[in-house]
Amino acid sequence: MLLFCCPSSSRAAHQCFRALKLINRDCLPSLRISRCASTASVPRITTHYTIYPRDKDKRWEGVSMERFAEEADVVIVGGGPAGLSAAIRLKQLAAEHNKEIRVCLVEKASQIGAHTLSGACLEPRSLEELFPDWKERGAPLNTPVTEDKFGILTEKSRIPVPIIPGLPMVNHGNYIVRLGHFVSWLGEQAEALGVEIYPGYAAAEVLFHEDGSVKGIATNDVGIQKDGAPKATFERGLELHGKVTVFAEGCHGHLAKQMYKKYNLRENCQPQSYGIGLKELWTIDEKKWKPGRVEHTVGWPLDRHTYGGSFLYHLNESEPLVALGFVVGLDYQNPYLNPFREFQRWKHHPTVQPTLEGGTRIAYGARALNEGGLQSIPKLTFPGGVLIGCSPGLMNVPKIKGTHTAMKSGMLASEAIFNQLINENLQSKTKGLHVQEYEENLKKSWVWKELYAVRNIRPSCHSILGVYGGMIYTGIFYWLLRGMEPWTLKHPGPDFAQLKPAKDCTPIEYPKPDGKISFDLLSSVALSGTNHEHDQPAHLTLKDDSVPVSRNLAVFDGPEQRFCPAGVYEYVPLETGEGSRLQINAQNCVHCKTCDIKDPSQNINWVVPEGGGGPAYNGM
């Protein structure tokens, strides 16, 4: 399954990785929803070593903490479109210049593509640059877009909106894809070129040289009990050292967050803004199947001040398949809003439900996506490391596309890294190479030009007219000026700060699911295939275990039990019968990072669980 550049050292690494393999996983727990307040003493919830250090825990006395270390030229964290494109480009350049470069890529999913989720309507520009012969190589782009539709939904009707050539939503020339399958194909291409890919191993820690530059990463330890004590099977993770470490974790990566703080990378940009995207795959009646059709809507069931919309894509697969989903901007204000239930309600719209009637839902998942645009992109380089793809937020928001920009950023990063690796006269100030050329080249590329042109569309939705104001702005300024207006609009602030107290908002009454078109959360999470080893510390850590009840529940009526698309958070009665406590069902987590983003107290810190845990998406 794996290809290695250096057989002797790689065999040792492979043996070390195999020692860390996970074997047993538990079933999904039952989900309950409760809204009780609590005044009782705070039960301990968090046991993770990032909150309770092991050097202060007597249970860890005498446990060996030595780690095996491997040396590479470049270490890549994340096996998505950006990380794999970076790995492929590095090996292409090495072959072109007859150089030996060791590239190691770690991916927390058990298989490449198993944590990948997107709409997805792929713009093939970067793919054509990376592999001009992608068709001959069998890239799984089976559905060219043949029909493009856009509309505004009211509760009972749909107002069609013409898609004028030149607007961001035009999809002529694009392909509807199952992005997980595409990423899996990229992984095959990378392995064929000699990239060492290690699926099932999560990068848990960034390592540093004494001069402060990045040295590499360490994969997560395994064999830790739920209460934080070591098991008899405890094994330390593996260290991977590189001259450059490429962070391609995707949206809101937990290691990238650390880099932002250590190197002050967000000093000159606005806070990132996010959305949560929920998706389902359905097989439908073949008579309703229109391969190549792309449909997008805004409006109902969201109000004009809540950014979001839907997609419905007809795939040309071996069966009549549609991908449908709903995106909600995480800068929403009402703590009673439930993105999952908004999605379920949307499916009952008179223009949507007929497509699904008689069909079968076969998959479900969710993930966060970057919506900040150009204004929110941090500094991309620092000593020993670079940020690529959705990690820094290179998504074109009005296009609802980020795969092509992510891939291109990985390719540009690799070209700059390669130039430094082969530069015999390079005099680096730090042990970890500072590849500033990458950011300079990105700003000269079509990626930056594209993001600059649409920079004002998302923030224009914050006017009194809300989403409709953004549409008017797009129609006037973008279509006429193509983003050349001499001003740049700002976002109102971080998403978590936009939430209003529950007392100032109206509770939202959602209809019960009918089990045919709309569904409950438990049956949905089961379709994601998500699972984690039960006997390990919860990877959804709390900086202060008292905050969920004392602030989140008391002030915001526990919004985490609604914004989580997997039922991870629930408030349950205390055993004493008075008040409630927060229960974290970590096994349910689909790794979307929404809790880390939207928690109004910023008390939740998402870290990686044992490698291999999480969703098991098949072409999502």
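The rules behind these values
- Residues numbered from 1 in each chain as written.
- Predicted model: local features only at pLDDT ≥ 70, side-chain atom pairs only at ≥ 80, totals over all residues.
- Heavy atoms only, no water.
- UniProt positions renumbered as here; feature names shortened; annotations may be inferred.
- Helix = DSSP H or I, 4+ residues; strand = E, 2+ residues; numbered from the N terminus.
- Rg over C-alpha atoms; globule rule 2.2 N^0.38 Å.
- Buried < 20%, exposed > 50% of the residue type's maximum accessible area, 1.4 Å probe, protein only.
- Contact = heavy atoms within 4.5 Å.
- Lys, Arg positive; Asp, Glu negative; His and termini not counted.
- Charge placed at Lys NZ, Arg CZ, Asp CG, Glu CD.
- Pairing = 2+ DSSP bridges.
- Axes fitted to C-alpha atoms, helices over the stretch in contact; angles between N-to-C directions.
- Left-handed = near helix turned anticlockwise from the far one by under 90°.
- Nonpolar A, V, L, I, M, F, W, Y, C, P; charged D, E, K, R; others polar.
- Polar contact = N/O pair within 3.5 Å; in protein donor to acceptor, adjacent residues only side chain to side chain.
- Phe/Tyr/Trp six-rings, centres within 6.5 Å; stacked < 30°, edge-to-face > 60°.
- Expected span 1.5 Å × (residues − 1).

- Looking at an unreviewed UniProt entry, the chain carries the name Electron transfer flavoprotein-ubiquinone oxidoreductase, with the source organism given as Strigops habroptila.
- Quoted straight from UniProt, the Subunit (unreviewed entry) entry for the chain says "Monomer."
- Under the UniProt heading Catalytic activity (unreviewed entry), the entry covering the chain gives this text: "a ubiquinone + reduced [electron-transfer flavoprotein] = a ubiquinol + oxidized [electron-transfer flavoprotein] + H(+)".

1. Some thoughts on the overall build of the chain
Part 1 of the argument: The helix and strand inventory of the chain stands at 15 helices and 26 strands.
Part 2 of the argument: Computed over the C-alpha atoms, the radius of gyration of the chain is 24 Å, within 12% of the 25 Å expected from 2.2 N^0.38 for a compact globule of 620 residues.
Part 3 of the argument: In terms of overall dimensions, the chain has a C-alpha envelope of 65 × 65 × 50 Å along the principal axes.
Part 4 of the argument: Counting only residues that meet the buried cut, the chain has 62% of its 620 residues in that class.
Part 5 of the argument: Within the chain, counting contacts between residues at least 6 apart in sequence, those at least 24 apart form 80% of the total.
Part 6 of the argument: Once the 67 positive and 66 negative side-chain charges of the chain are each reduced to a mean point, those two points are 3 Å apart.

2. Quick word on the sheet that holds strand β4 (residues 121-122)
Part 1 of the argument: Pairing in this open sheet of three strands is antiparallel, and the strands run β4-β8-β5 from one edge to the other. The strands lining the two open edges of the sheet, one partner per strand, are β4 and β5 (143-144).
Part 2 of the argument: One ladder, built from two bridges, connects β4 with strand β8 (residues 175-176); its direction is antiparallel. Among the inter-strand pairings, C121 is bridged to a residue of β8, identified as I176.

3. A closer look at the packing of helix α8 (residues 403-421) against helix α10 (residues 446-453)
Part 1 of the argument: One way to put it is that α8 packs onto α10 with a least axis distance of 10 Å and a crossing angle of 145°. Handedness of the α8/α10 crossing: left-handed. For the pair formed by α8 and α10, the contact residues are H404, T405 and K408 on the first element and W446, V447 and E450 on the second.
Part 2 of the argument: Across the contact of α8 with α10, the residue classes tally to two nonpolar, two polar and two charged.

4. Quick word on the UniProt feature "domain: ETF-QO/FixC ubiquinone-binding" (unreviewed entry) in the chain
Part 1 of the argument: The positions UniProt marks with the feature "domain: ETF-QO/FixC ubiquinone-binding" (unreviewed entry) are residues 274-369.
Part 2 of the argument: Helix makes up 12% of residues 274-369 and strand 48%. Its end C-alpha atoms lie 6 Å apart.

5. What about the side chain of H404?
Part 1 of the argument: Residue placement: H404 occurs in helix α8.
Part 2 of the argument: The exposure class of H404 is buried, given its relative accessible area of 1%.
Part 3 of the argument: At 2.8 Å, the side chain of H404 forms a polar contact with the side chain of E450.
Part 4 of the argument: For H404, the residues in contact, after removing those within four places along its chain, are E123, S126, K399, W446 and E450.

6. With respect to the packing of aromatic side chains
Part 1 of the argument: All told, the structure shown has 13 aromatic pairs when counted by the stated rule.
Part 2 of the argument: Judged by centre distance (6.0 Å) and plane angle (40°), the rings of F247 and F382 are tilted. You can see F247 sitting in strand β15 (residues 244-247) and its partner F382 sitting in strand β21 (residues 381-382), a full 135 residues away along the chain.
Part 3 of the argument: Aromatic pair Y263 and F382: ring centres 4.9 Å apart, planes at 20°, arrangement stacked. With a gap of 119 residues between them, Y263 in the loop between α5 (254-262) and β16 (274-283) and F382 in strand β21 connect regions that are remote in the sequence.

7. Examining the packing of helix α2 (residues 81-96) against α8
Part 1 of the argument: Between α2 and α8, whose axes approach to 7 Å, the crossing angle comes to 35°. α2 and α8 meet at a crossing whose hand is right-handed. On the side of α2, the interface is formed by P81, A82, S85, A86, A87, R89, L90, L93 and A94, while α8 contributes T403, A406, M407, G410, M411, S414, E415, I417 and F418.
Part 2 of the argument: In terms of residue class, the contact of α2 with α8 is built from twelve nonpolar, four polar and two charged.

8. Description of helix α4 (residues 179-193)
Note on helix geometry: an α-helix contains 3.6 residues per turn, so any two residues three or four positions apart are oriented the same way.
Part 1 of the argument: Helix length check: α4, at 15 residues, gives a terminal C-alpha distance of 21 Å against a target of 21 Å (1.5 Å per residue), a fit within 8%.
Part 2 of the argument: Along α4, the residues classified as buried are L179, G180, F182, V183, W185, L186, G187, Q189, A190 and E191.
Part 3 of the argument: Contacts from the buried residues of α4 go to α2, β4, α3 (125-130), β9 (196-199) and α8.
Part 4 of the argument: G194 occupies a position one or two residues after α4 and carries a positive phi of about 105°.

9. Remarks on the pairing of strand β17 (residues 293-299)
Part 1 of the argument: Of all seven residues making up β17, seven are buried, and the element is well covered by its neighbours.
Part 2 of the argument: The two faces of β17 match: R293, E295, T297 and G299 on one face and V294, H296 and V298 on the other face are all buried.
Part 3 of the argument: Across seven bridges, the pairing between strand β6 (residues 147-153) and β17 is parallel. Its bridge partner lying in β17, I152 is registered against V298.
Part 4 of the argument: In terms of strand pairing, β17 meets strand β18 (residues 308-316) through four bridges, oriented antiparallel. Looking across to β18, one finds that V294 is bridged to Y313.

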